[in-house]
Amino acid sequence: MSGAEELLRSKGLRVTRPRLAVLDVLDGGGHLEVDEITRRVRERLDSVSTQAVYDVLGALSRAGLSRRIEPAGSPARYEARVGDNHHHVVCRGCGEIADIDCAVGSAPCLEPSVSHGFEVDEAEVTFWGLCPGCRARRSADVRPPDVRPADVRPADV
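What you are looking at is a predicted structure, and each value in this text was computed from that prediction instead of being measured.

Caption draft 1: Region of the structure containing the sheet that holds strand 1 (residues 32–33). Here we have 3 strands laid out as an open sheet, ordered 1-3-2, and antiparallel in their pairing. Either end of the sheet is taken by a strand with one partner, and the two such strands are strand 1 and strand 2 (67–69). One ladder, built from 3 bridges, connects strand 2 with strand 3 (residues 77–79); its direction is antiparallel. Each residue of the ladder has a partner; that of I69, found in strand 3, is R77.

Caption draft 2: Expanded view of the nonpolar core. Ranked by internal contacts, the top residues of the largest apolar core, which has 21 residues, are V22, I37, V41, L57 and L60. Sorting the residues of this core by element identifies helix 2 (17–27), helix 3 (34–44) and helix 4 (50–62) as the ones contributing at least two each. Per-element tally for this core: the top contributor is helix 2, with 5 residues. The contacts of L57, once residues within four sequence positions are left out, are V22, L26, V34, I37, S66 and Y78.

Caption draft 3: Looking closely at helix 4. Under the 1.5 Å per step criterion, the end-to-end length of helix 4 is 18 Å for 13 residues, consistent within 8% with the ideal 18 Å. All buried positions along helix 4 are accounted for by V53, V56, L57, G58, A59 and L60. Where helix 4 is buried, its residues touch helix 1 (3–10), helix 2, helix 3 and strand 3. Just downstream of helix 4, G64 is the residue with a positive phi angle, here 80°.

Caption draft 4: Representation of the packing of helix 1 against helix 2. It is at 10 Å that the axes of helix 1 and helix 2 come closest, and there the two elements cross at 110°. Between helix 1 and helix 2, the angle is such that the two are roughly perpendicular. As for the relative orientation of helix 1 and helix 2, their crossing is right-handed in sense. Across the interface between the two elements, A4, E5 and L8 of helix 1 pack against R19, L20 and L23 of helix 2. Taken together, the residues of the contact of helix 1 with helix 2 sort by class into 4 nonpolar, no polar and 2 charged.

Caption draft 5: Highlighting the sheet that holds strand 5 (residues 97–100). Across the sheet, 3 strands lie side by side as 5-4-6; this open sheet has mixed pairing. Each having just a single partner strand, strand 5 and strand 6 (126–129) make up the two edges of the open sheet. Averaged over all pairs of adjacent strands, the angle between strand axes in this sheet comes to 25°, irrespective of strand direction. Relative to strand 5, strand 4 (residues 87–91) runs antiparallel, the two being bridged by 4 bridges. Residue V90 lies in a different strand from strand 5, and its bridge partner there is I97.

Caption draft 6: Spotlight on the packing of helix 2 against helix 4. Where helix 2 meets helix 4, the closest approach of the two axes is 10 Å, and the angle between their N-to-C directions is 70°. Taken together, the axes of helix 2 and helix 4 are roughly perpendicular relative to one another. Mapping the contact onto sequence places P18, R19, V22, L23 and L26 in helix 2 and V53, V56, L57, A59 and L60 in helix 4. Residue classes in the contact of helix 2 with helix 4 are distributed as 9 nonpolar, no polar and 1 charged.

Caption draft 7: Here's a closer look at unusual backbone geometry. Phi at H116 takes a positive value of approximately 55°, unusual for a residue other than glycine. With respect to the helices, strands and loops of the structure, H116 is situated in the loop between strand 5 and strand 6. Residue classification places H116 among the exposed residues on the basis of a relative accessible area of 68%.

Criteria and thresholds
- Residues numbered from 1 in each chain as written.
- Predicted model: local features only at pLDDT ≥ 70, side-chain atom pairs only at ≥ 80, totals over all residues.
- Heavy atoms only, no water.
- Pairing = 2+ DSSP bridges.
- Helix = DSSP H or I, 4+ residues; strand = E, 2+ residues; numbered from the N terminus.
- Core = buried A, V, L, I, M, F, W, Y, C linked by side-chain atoms within 4.5 Å.
- Buried < 20%, exposed > 50% of the residue type's maximum accessible area, 1.4 Å probe, protein only.
- Contact = heavy atoms within 4.5 Å.
- Expected span 1.5 Å × (residues − 1).
- Axes fitted to C-alpha atoms, helices over the stretch in contact; angles between N-to-C directions.
- Parallel < 35°, antiparallel > 145°, perpendicular 65-115°, else oblique.
- Left-handed = near helix turned anticlockwise from the far one by under 90°.
- Nonpolar A, V, L, I, M, F, W, Y, C, P; charged D, E, K, R; others polar.

Written out as structure tokens, the structure reads:
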């Protein structure tokens, strides 16, 4: 029996080919949209519907085996990294997402000033900015203004 099969059974889930394939895709890393997950699962299985992938992702998320994130303006994405209260940084230019570890030691982000009676078990923080690639492209697009020699006056041009 594989580790993925044992993992599914330990969470009370039936072992199915689509569940094993989705787990395998998520274990490859990244923050994947459903369309990308479906494409990769179809490379492993003869056929699988997009709805079946949604169903598997829902079951895996409820069981704590995957995490669904929804950065503003982006479709839902899924990842295998769960249970450690990490956060994300999202590039405003290309949409790339990277993990950011939470504070080491006590997790101050899990102690809200007011909980309104909720039992808080997770905090989600999203940092926004530009990735190195988008910053480089932006810098290449910004050209310095035309510089004229000191001896050329606007009237001479």
